[in-house]
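# Coordinate inspection notes
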Amino acid sequence: MGPDEGDFAVVITVTDPEKRTRGGMTAFLVDRATPGFSLGKTEDKMGIRGAAVSELVFEDCRVPASAVMGEVGDGYRIAMSGLDGGRIGMAGLSVGIAQRALEEAVKYSKARVQFKKPICENQGLRWYLADMATRLEAARLLTMQAAVARQNGAPGLTKLCSMAKYYASEMATYVCDLALQIHGGYGYMKDYAVERLYRDARILRIFEGTSEIQKVVISREVLK
Ligand SMILES: Cc1cc2nc3c(=O)[nH]c(=O)nc-3n(C[C@H](O)[C@H](O)[C@H](O)COP(=O)(O)OP(=O)(O)OC[C@H]3O[C@@H](n4cnc5c(N)ncnc54)[C@H](O)[C@@H]3O)c2cc1C
């Protein structure tokens, strides 16, 4: 949550330490104006700098019973129920960022002339573009598959969403890295879009479940 984001925060906390994820967590919708609730410092992030993120600070903060979302003990279920959709969203973000990075790389590689020819005439760079485009398309299809499965209430949704998020986020950092490489030294400069895309893409392997956690989920589903 950031300082300019919404009037409420969804807060999930342990309310029964014995039970924890088995009915021991509760979700609350907390009004920003509640005494004792404040935002800590706004984090100085590497990328996605358009979206502010702050620590949530609770000091003797009391909320009314009406703030409970669902039932007491429902918190873990509520948190998990949002994850499938959230992961499709992150996969979509990954595809969008990578699409732009590929377009920038194609444009630049046609325009930049080195050793008397556009750099896209070099097979080494063409192979980069081929790999980028292929992985992007694969990620797009995995993302669409997960979205359609969710819309249709298809079985195996959790695995499909984790696969889409895992593959698409890894693909996005790969594609942005190569797009920056194709720009050479200019890619490292803030004047070029790829510098920002590279930084923005990096969070995708971390939030909404890291790549390692997606592999935990996928392997658990595969072993079922
Ligand atoms: C910009 C930003 C925005 C965020 N926004 C939100 C938000 O809106 N809501 C929210 O709830 N959270 C948010 N987060 C938190 C984010 O979801 C977590 O940072 C992320 O899930 C990783 O958790 P962690 O940082 O505690 O890492 P850790 O759990 O400490 O993990 C550290 C490393 O260990 C690995 N690891 C941990 N456990 C295992 C395991 N069992 N097997 C293999 N590897 C493992 C991880 O994959 C990672 O590489 C945000 C984070 C950032 C940076």
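Conventions used here
- Here the residue numbering is sequential within each chain, running from 1 through the sequence in written order.
- Local features in this predicted model are restricted to residues of pLDDT 70 or higher, and side-chain atom pairs are both shown and tallied only at a pLDDT of 80 or more, whereas totals for entire chains, interfaces and linings draw on every residue.
- Hydrogens and water molecules were not included; the side-chain quantities draw on all heavy atoms of the structure.
- Put simply, DSSP marks the helices as runs of H or I at least four residues long and the strands as runs of E at least two long, and each gets a number from the N terminus on.
- Throughout, exposure labels follow a simple rule: accessible area from a 1.4 Å probe, protein chains only, divided by the maximum for the residue type, with under 20% read as buried, over 50% as exposed, and the rest as partly exposed.
- Grouping buried Ala, Val, Leu, Ile, Met, Phe, Trp, Tyr and Cys residues that are joined through side-chain atoms within 4.5 Å yields what is termed a nonpolar core.
- By definition, residues are in contact when any of their heavy atoms lie within 4.5 Å.
- Note that domain bounds follow an automatic or database assignment of domains.
- Put simply, buried area is the surface a 1.4 Å probe can reach on two separate parts but cannot reach once they are joined, added for both.
- For this document, the term salt bridge refers to a Lys or Arg side-chain nitrogen within 4 Å of an Asp or Glu carboxyl oxygen.
- Polar contact is defined as a pair of N or O atoms within 3.5 Å, subject to the rule that within protein one atom must be able to donate a hydrogen and the other to accept it, and that residues adjacent in sequence are counted only when both atoms are side-chain atoms.
- Nonpolar residues are Ala, Val, Leu, Ile, Met, Phe, Trp, Tyr, Cys and Pro. Charged residues are Asp, Glu, Lys and Arg, and all others, Gly as well, are polar.
- We call Phe, Tyr and Trp rings a pair once their centres come within 6.5 Å, taking the six-membered ring for Trp, and we label the pair stacked below 30 degrees between planes, edge-to-face above 60, and tilted otherwise.
- We call a residue near a given molecule or strand whenever any one of its heavy atoms falls within 4 Å of it.

When you go through the protein residue by residue, the secondary structure sums to five helices and seven strands. When its helices and strands are written in sequence order, the protein yields β-β-β-β-β-α-β-β-α-α-α-α. Taken along its principal axes, the extent of the C-alpha atoms in the protein is 70 × 45 × 25 Å. Across the 224 residues of the protein, 35% fall into the buried class.

Right, let's talk about the nonpolar core for a bit. Proteins that are soluble and globular tend to have nonpolar side chains buried together. In this structure, Met132, Met171 and Ile182 are the most contacted members of the largest nonpolar core, which totals 34 residues. At the level of secondary structure, the elements contributing two or more residues to this core comprise α1 (75–111), α2 (123–151), α3 (157–182) and α4 (193–202). The biggest single contributor to this core is α3, with 12 residues. With sequence-adjacent residues up to four places away left out, Ile182 is seen in contact with Ala105, Tyr108, Ser109, Ile119, Leu125, Tyr128, Leu129 and Met132.

Our next topic: unusual backbone geometry. Of note, Ile48 is a non-glycine position whose phi angle comes to about 30 degrees, a positive value. Relative to the assigned elements, Ile48 resides in the loop between β3 (37–42) and β4 (54–58). Positive phi values are uncommon outside glycine, yet Asp60 reaches one of about 50 degrees. Locating Asp60 in the fold gives a position in the loop between β4 and β5 (68–69).

Another point: the domain arrangement of the protein. Here the domain parsing of the protein yields domain 1 (8–78) and domain 2 (82–222). If you average the C-alpha positions of domain 1 and of domain 2, the two centres end up 31 Å apart. The interface is formed by five residues belonging to domain 1 together with six residues belonging to domain 2. Interface area for domain 1 against domain 2, summed over the two sides, is near 450 Å², with a carbon-plus-sulfur share of 63%. The tally of links between domain 1 and domain 2 comes to zero salt bridges. Taken together, the links from domain 1 to domain 2 amount to three residue pairs in polar contact (both at pLDDT 80 or more). Here the residues of the side of domain 1 that touches domain 2 sort into three nonpolar, one polar and one charged.

Here we take up the packing of aromatic side chains. Enumeration according to the criterion identifies three aromatic pairs in this entry. Plain terms: the ring middles of Phe37 and Phe58 are 4.8 Å apart, the flat faces sit at 5 degrees to each other, and that makes the pair stacked. Here Phe58 lies in strand β4 and Phe37 lies in strand β3, a separation of 21 residues in the sequence. Phe58 sits in the partly exposed class, given a relative accessible area of 39%. On the basis of an interplanar angle of 90 degrees and a centroid distance of 5.9 Å, the ring pair of Tyr108 and Tyr192 is categorised as edge-to-face.

Attention shifts here to the site of the ligand. As a structural note, the neighbourhood of the ligand is formed by Lys45, Val53, Ile203, Ile206, Phe207, Glu208, Thr210, Glu212 and Ile213. The side chain of Thr210 places a nitrogen or oxygen atom 2.7 Å from an oxygen atom of the ligand. In this structure, Glu212 approaches the ligand through a side-chain N or O atom, which is 2.7 Å from an oxygen atom. Partitioning the shell around the ligand into residue classes produces five nonpolar, one polar and three charged.

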